[in-house]
Amino acid sequence: MKIAFHGAARTVTGSKHLITLNNGKKILLDCGMFQGMGKETGVMNENFGFDAAQVTHMILSHAHIDHSGLIPLLVKKGFKGTIYCTPATRDLTEILLLDSAKIQEDDVKYSNKKRQKEGQPLIEPLYKISDAEKSVSALKAVNYKTWFRVDDDLEILFTDAGHIIGSAAVHLRITENGKTTQISFSGDIGRYNDAILRAPDIFPQADYILMESTYGSTLHAEAEASDDRLIYYIRHTCKEKKGKLIIPAFSVGRTQELLYALNRAQLEGKLPKVDIFVDSPLSLEATEVVRSHPEVFNKTVSKLLEIDEDPFDFPGLHYIRTVDESKQLNFREEPCVIISASGMAEAGRVKHHIANNIDNPRNTILIVGYCEPQSLGGKLMRGAKEVSIYSTHHEVKAEIGVIRSMSAHGDYEDLGQWLACQHPQDVKKLFLVHGEYEVQQVLRDWLLKKGFPAIEIPERHSVVNLL
Ligand SMILES: [Zn+2]
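The structure reproduced in this document is the subject of the present report. What you see as residue numbers is a count from 1 along each chain, following the sequence as written. For this predicted model, a pLDDT threshold of at least 70 governs which residues receive local features, and a threshold of 80 or more governs which side-chain atom pairs are given and counted, while totals over whole chains, interfaces and linings are taken from all residues. Heavy atoms throughout the structure, all of them, feed into the side-chain values; hydrogens and water do not.

**Here we look at unusual backbone geometry**
For step 1, the next point in the chain: With omega at 10°, the peptide bond leading from A341 into S342 counts as cis.
For step 2, the next point in the chain: Counting from the N terminus, the helices are DSSP H or I runs at least four residues long and the strands are E runs at least two residues long. One can find S342 in the loop between β15 (336–340) and α11 (349–357).
For step 3, the next point in the chain: Phi at A8 takes a positive value of approximately 50°, unusual for a residue other than glycine.
For step 4, the next point in the chain: Mapping A8 onto the fold places it in the loop between β1 (2–7) and β2 (16–20).
For step 5, the next point in the chain: With a phi close to 65°, S391 is a non-glycine residue in the positive phi region.
For step 6, the next point in the chain: Structurally, S391 can be placed in the loop between β17 (386–389) and β18 (392–395).
For step 7, the next point in the chain: Throughout this description, buried means an accessible area under 20% of the type-specific maximum (1.4 Å probe, protein chains only), exposed means over 50%, and partly exposed covers the range between. Classification of S391 by relative accessible area gives exposed; the value is 63%.

**A short note on the pattern of salt bridges**
For step 1, the next point in the chain: The working definition used for a salt bridge is a side-chain nitrogen of Lys or Arg within 4 Å of a carboxyl oxygen of Asp or Glu. For the structure on display, the rule yields 19 salt bridges.
For step 2, the next point in the chain: K128 is the partner of E124 in a salt bridge, and the nearest nitrogen-oxygen pair spans 4.0 Å.
For step 3, the next point in the chain: Judged by relative accessible area, which is 62%, E124 ranks as exposed.
For step 4, the next point in the chain: Connected through salt bridges with shared partners, the residues K25, D151 and D153 form a single ionic network.

**Let's talk about the coordination of the zinc ion**
For step 1, the next point in the chain: Taken together, H62 (NE2), H64 (ND1), H163 (NE2) and D188 (OD) make up the full set of protein donors to the zinc ion, lying 2.2 to 2.3 Å away.
For step 2, the next point in the chain: Only nitrogen, oxygen and sulfur atoms qualify as donors, provided they sit within 2.8 Å of the metal or within 3.2 Å for Na, K and Ca; with water excluded from the atoms, sites may seem incomplete. For four-coordinate sites, all angles between 85 and 135 degrees define a tetrahedron; for four- and six-coordinate sites, opposite donors beyond 155 degrees with the remaining angles between 65 and 115 define square planar and octahedral shapes respectively, and all other cases count as irregular. Geometry at the zinc ion is irregular, judged from the four donor atoms that bind it and their angles of 89 to 169° at the metal.
For step 3, the next point in the chain: Sequence spacing of the donors to the zinc ion: H-x1-H-x98-H-x24-D. Pair noted here: H64 is in the loop between β4 (57–59) and α2 (65–68) and H163 is in the loop between β8 (154–160) and β9 (168–176), with a separation of 99 residues, a long-range link. Each of the two residues, H64 as well as H163, counts as buried.

**Quick notes on α11**
For step 1, the next point in the chain: Summarising burial for α11: seven of the nine residues are buried, a large majority.
For step 2, the next point in the chain: R349, V350, K351, H353, I354, A355 and N357 are the residues of α11 that are buried.

**Some details on the side chain of S184**
For step 1, the next point in the chain: If you trace the backbone, S184 turns up in strand β10 (residues 179–185).
For step 2, the next point in the chain: A polar contact of 2.7 Å, which involves the side chain of S184, links it to the side chain of H171.
For step 3, the next point in the chain: Within 3.5 Å is the distance limit for a polar contact, defined as a pair of N or O atoms, with the added protein rule that one can donate a hydrogen and the other accept it, and that residues adjacent in sequence qualify only through two side-chain atoms. A polar side-chain atom of S184 sits 2.9 Å from a polar atom in the side chain of Q182.
For step 4, the next point in the chain: Between two residues, a contact is recorded if the distance between any of their heavy atoms is within 4.5 Å. Once residues lying within four places of it in the same chain are set aside, the contact partners of S184 are V170, H171, F203, A206, Y208, I209 and L210.

**Concerning the side chain of D411**
For step 1, the next point in the chain: If you trace the backbone, D411 turns up in the loop between β19 (399–402) and α13 (412–419).
For step 2, the next point in the chain: In this tally, Asp and Glu contribute negative charge and Lys and Arg positive charge; neither His nor the terminal groups of the chain are included. One buried charge, D411, has no salt-bridge partner; the nearest side chain with opposite charge is R191, at 5.3 Å.
For step 3, the next point in the chain: A distance of 3.1 Å separates a polar atom in the side chain of D411 from the backbone nitrogen of E413.
For step 4, the next point in the chain: In contact with D411, not counting residues within four places along its chain, are Y215, T218, L219 and H220.

Right, here's the structure in full:
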């Protein structure tokens, strides 16, 4: 058999890896969207590098759009198989894909209005809501920790990855010519001391491993420090500067983590009195899905649930649903906190909030998650003095804050801990995926010292034979 790396290969988005068996069957691991890759993004998303109609099965590690976002395009291009994932991933993916399709339809409508005025040709969305609806029916839930037989050649196992709710490392047992080979794919690996989720789980010995490497050269600060920083930015922006604090955050995962931290600060009397808006209908739905899967919480949250029936809700928290309500926030004079998607500020309502608030030094834009260097969030993080948002030029006068340690991705110690259940010598090849190349090279050197004999950093569309 062979494996081809069609996305998240020397980049952090677009996760997509295709295994082809000798009998022609094709198994696709993730079908993620590329995000924040500049002008190339659209073309990269349209061209998979393989024929979607020939894919036999798909397995999804978790619901994040950079892992699931092109499933509707896969279905549109002719994929007819089943998509295996955990129960919480199925529920989250359903709302995320419908939302993603809506964002694309809306963004294209917005751009086309401009294009029409300028006499430019109109553009089509990558996929529509109807495509997303079709793909949702292909999702099949499989529980953690039990091998599930897909067909004669393939068994799959999900183990907890501790990254967002429902996130899994995916293990495949593939039988060819009477010989069974195990390929383990980390998906995204969370942290061993996450505030909400259980730690990543151990897994059986693998022959080949694909491991993410987002923070492969970083050690995160303690989680408590990031909670304190969050409260500092609220006090500094809303109380001292009397401005607005805009926080771009993934609707799934990061938003709940922020709400959980704010709820805890409120219980401890540390949260300044200020209105906090979550401006993302998707975040509201995602928070409801999170609440409906208490089986994924760690012991601390389970214990908190005994005294606080909703660890994601507190006085002063408001959800914004409609576009009109969202626009009203622009006219609001009083200080407030606005948490809105997307996490890299590439799309969604947060992009409008940034455009409306970036020219006032009273305001702060706080980056709390990973941002592709080319994304709007990435540019702000690197201290850009001017940016273009929806083709309009803006000077960056607002303060830019960054909390790096608030991450859903493990640092290199966490990645090392995830691998600690393996005999390094028995891993024929360890592929580093889902990371920036410079970071991956540092991680490779560190893992070589840990005893993993063969480590590769595949390029996009490269193919490797697995024996
Ligand atoms: Zn993720």
